[in-house]
Amino acid sequence: MLLSIRNEELSMDIIHIKNLEVFANHGVFEEENRLGQKFVVNADLYTDFTDAVGHRIYTDSLGHAEYTPENLDASIDYGVAAAKITAFLMNDTYELIETAASRLAEYLLLDISNLNRVHIELKKPWAPVKLPLETVSVELTRGWHRVYLSLGSNIGEREEYLQNALNALRSHKCIRLGRISPIYETEPYGGVEQQNFLNCCMSIDTILEPEELLDYLHLVEKGNNRTREIHWGPRTLDMDILLYDDVIMHTETLSIPHIDMHNRLFVLQPLCDIAPFAYHPVKQATVQELLANLISKSK
């Protein structure tokens, strides 16, 4: 079962690019790749205009307001964005317009500053289906997501393994590192006799979907000699997804929020250091409240 709940209001500010025509070479048939055809793009660019238009800093008794100066760098140049869309679609070739739209969204998110989320509609007016239709199109939405991770190690060079994890996250083009908590030395959890752990938490922003992120974390763990022989047993490196926006999901391989995070002091303490007001959508409480409740129950 998968239940996904997301806060789509990443920003209420949108720049619309409508009916941008691009001649490009995408399609399954050889003639489409060789001769090319017209595509039409609609793009909604989600951002935040607040810093661009200036903050209200003063209002007098008559209601006259003063604002900080406009800041062009805090907005998105729609002319530049349109040129990037055109160049991307013209420079690459994909059989599926679904792939073209997905790769375009990723490219824009990585290349345009201040872009939080993008909605792409890619139309194919000359689709070779030999039927009287106006156009075929695909639509998708991609964006940056705030994620909180827990890292732990209790075998070998523990600090080195944690640093390896940070380096691996930093090296991924689709991940931006945020705040990192202090490192705590904690007793093992789960009843298996073993050495103490070093634990920390961190925030990241990523355009990876939850399962994609999980796959990468497992790859990093494997690269640091992680084995999965004993449940809650010793490990060189353990990386868990705690919160992913306000997503609630359960699959055979992943539960978000982390199913046991509210019972783990070694998670809540470092997480509270960097994000005390991060919200647990199942427990309907902040991290700070979860930590206080756990400490109260342990007394």
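Procedures and definitions
Residues numbered from 1 in each chain as written. Predicted model: local features only at pLDDT ≥ 70, side-chain atom pairs only at ≥ 80, totals over all residues. Heavy atoms only, no water. Disulfide = S-S within 2.5 Å. Buried < 20%, exposed > 50% of the residue type's maximum accessible area, 1.4 Å probe, protein only. Helix = DSSP H or I, 4+ residues; strand = E, 2+ residues; numbered from the N terminus. Expected span 1.5 Å × (residues − 1). Arc of directions from axis to C-beta. Phe/Tyr/Trp six-rings, centres within 6.5 Å; stacked < 30°, edge-to-face > 60°. Lys NZ or Arg CZ within 6 Å of the ring centre and 35° of its normal. Pairing = 2+ DSSP bridges. Axes fitted to C-alpha atoms, helices over the stretch in contact; angles between N-to-C directions. Contact = heavy atoms within 4.5 Å. Parallel < 35°, antiparallel > 145°, perpendicular 65-115°, else oblique. Left-handed = near helix turned anticlockwise from the far one by under 90°.

What to know about the state of the cysteines
Under the counting rule described, the total for this entry stands at zero disulfides. In this structure cysteine 200 is a free cysteine whose sulfur lies 6.8 Å from that of cysteine 201, the closest cysteine sulfur available. For cysteine 201, a relative accessible area of 0% gives the class buried.

Concerning helix H6 (residues 210-223)
Given a rise of 1.5 Å per residue, 14 residues ought to cover 20 Å, and the 20 Å separating the end C-alpha atoms of H6 matches this to within 8%. Taken as a whole, H6 has its buried residues at Pro210, Leu213, Leu214, Tyr216, Leu217, Val220 and Glu221. Around the axis of H6, the buried residues are gathered within 165° of arc, so they sit on the same side. In H6, the exposed positions that point more than 90 degrees away from the buried face belong to Asp215, Leu219, Lys222 and Gly223.

Quick word on the packing of aromatic side chains
Taken as a whole and assessed by the stated rule, the structure comprises two aromatic pairs. Where phenylalanine 88 meets tyrosine 94, the ring centres are 6.5 Å apart and the plane angle is 25°; that geometry is what we call stacked. Taken as a pair, phenylalanine 88 and tyrosine 94 share a single burial class, namely buried. Clustering of aromatic rings is evident, with ring pairs tying together Phe88, Tyr94 and Tyr107. Over the ring of tyrosine 46 we find arginine 117, and its NZ or CZ is 3.9 Å from the ring centre. The positively charged end of arginine 176 is found above the aromatic ring belonging to tryptophan 144, 3.8 Å away from the centroid.

Re the sheet that holds strand S6 (residues 136-143)
Spatially, the four strands line up as an open sheet ordered S1-S2-S5-S6, and their pairing is antiparallel. Both edges of this open sheet fall to strand S1 (13-24) and S6, since each of them pairs with a single strand only. The mean angle between the axes of side-by-side strands here comes to 15°, regardless of whether they run parallel or antiparallel. Two strands pair when backbone bridges link them, and strand S2 (residues 37-47) and strand S5 (residues 117-124) are joined in this way by seven bridges, in the antiparallel orientation. Looking at the pairing, leucine 45 lines up with valine 118 of S5. In the packing of helix H3 (residues 78-91) onto the sheet, contacts are made with S1, S2 and S5, and the angle to S1 comes to roughly 35°.

Some words on the packing of helix H5 (residues 158-171) against H6
Here H5 crosses H6 at 135°, and the two axes come no closer than 10 Å. Viewed along their axes, H5 and H6 adopt a mutual orientation that is oblique. Like other packed secondary-structure pairs, H5 and H6 cross with a definite hand, here right-handed. Across the interface between the two elements, Ala165, Ala168, Leu169 and Ser171 from H5 touch Tyr216, Leu217 and Val220 from H6.

Interpretation note: all reported values are geometric properties and have no functional meaning in isolation.
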